[in-house]
Amino acid sequence: MASQITANIIKNGEPVDILYGRLSQEDDHAGDSNSIVNQRSYLEKYAADNGFQNPVFMADDGYSGTNFDRPAWQDIVTLIEAGLVRTLFEYTQLYENRR
């Protein structure tokens with residue numbers, strides 16, 4: 001079942017730029033981890049600095065990257081299949097490629 005964010009994007013029908021964060025292996029605790037908070041901040045700054053007009057942050061906190069059965073990731077797949085994702089920024093790929 002899609003999240004409320006995903007349902008709203010589908011209802012609106014306007015393509016979005018997804019900013020995706022996921023829990024780091026070394027930062028495993030309940031609630032939004034510091035890692036997710038930092039990832040969101042970094043991704044939102046990147047989107048603003050690069051002029052993206054419709055960024056949406058989605059995250060899977062507490063899910064391993066080896067498991068694709070993650071709620072936010074499944075929502076992203078749904079949005080891609082609906083043609084509503086213009087760009088997908090994943091924190092690890094963006095950050096690691098800028099080092």
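Check the entry above for the structure.
Worth saying up front: this structure is predicted, and the values here are computed from it rather than measured.

1. So, helix 3 (residues 71–81)
Right, so step 1: Among all positions of helix 3, only Ala72, Trp73, Asp75, Ile76 and Leu79 are buried. In a view along the axis of helix 3, the buried residues occupy a sector of 155°, so they form one face of it.
Right, so step 2: On its buried side, helix 3 packs onto helix 1 (4–12), strand 1 (16–22), strand 2 (55–60) and strand 3 (85–90).
Right, so step 3: Of the residues flanking the end of helix 3, it is Gly83, one or two places downstream, whose phi is positive at about 75°.

2. A closer look at the pattern of salt bridges
Where charged atoms of side chains with opposite charge meet at close range, the side chains can pair.
Right, so step 1: The final tally for this structure, using the stated rule, is three salt bridges.
Right, so step 2: Residue Arg86 is joined to Asp17 by a salt bridge in which the shortest nitrogen-to-oxygen separation is 3.2 Å. Placement of Arg86 in strand 3 and of Asp17 in strand 1 is noted, with a sequence separation of 69 residues between them.

3. Some remarks on the nonpolar core
Right, so step 1: Core analysis: the biggest nonpolar cluster contains eleven residues, these being Ile9, Val16, Ile18, Tyr20, Val56, Met58, Ala72, Trp73, Ile76, Leu79 and Leu84.
Right, so step 2: Where this core is concerned, the elements lending two or more residues are strand 1, strand 2 and helix 3.
Right, so step 3: With eight residues, the next largest nonpolar core counts Leu19, Phe57, Phe89 and Tyr91 among its residues.

The rules behind each value
Residues numbered from 1 in each chain as written. Predicted model: local features only at pLDDT ≥ 70, side-chain atom pairs only at ≥ 80, totals over all residues. Heavy atoms only, no water. Buried < 20%, exposed > 50% of the residue type's maximum accessible area, 1.4 Å probe, protein only. Helix = DSSP H or I, 4+ residues; strand = E, 2+ residues; numbered from the N terminus. Arc of directions from axis to C-beta. Contact = heavy atoms within 4.5 Å. Salt bridge = Lys/Arg side-chain N within 4 Å of Asp/Glu carboxyl O. Core = buried A, V, L, I, M, F, W, Y, C linked by side-chain atoms within 4.5 Å.

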